[in-house]
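Architecture at a glance
This is what each chain is made of:
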Amino acid sequence: MYRLIEAGSAVTCVSCEEHIKFKAKLRAKQVICNVYSKGVWQRVEHYHDECYTESGQPYGPAGD
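Residues numbered from 1 in each chain as written. Predicted model: local features only at pLDDT ≥ 70, side-chain atom pairs only at ≥ 80, totals over all residues. Heavy atoms only, no water.

Okay, the pairing of strand β4 (residues 29-37) next. The pairing of strand β1 (residues 2-4) with β4 spans three bridges and is antiparallel. Bridging across to β4, Arg3 finds its partner in Gln30. Across eight bridges, β4 lies against strand β5 (residues 40-48) in antiparallel orientation. Within β5, the position partnered with Ile32 by the bridge is His46. (Pairing = 2+ DSSP bridges. Helix = DSSP H or I, 4+ residues; strand = E, 2+ residues; numbered from the N terminus.)

In structure tokens, the structure reads:
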């Protein structure tokens, strides 16, 4: 799912391994993926919007 990057965000992009940073004048989005295995939640993965696209959308198209 797409979400705006909020002030105080302290997460790292799974793809590029850089922090996903809030920028006041830029309304950037991040992709948040809840990862399940055999119907059981495993983890949350965060991506920069462009990193998710460049990585081939590993969990399918992101929804709003």
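Let us keep going from here.
One pass over the full model with this rule turns up zero disulfides. Of the cysteine sulfurs around Cys13, a residue in no disulfide, the closest is that of Cys16, at 3.8 Å. For Cys51, which is in no disulfide, the shortest distance to another cysteine sulfur is to Cys13 and amounts to 3.8 Å. (Disulfide = S-S within 2.5 Å.)

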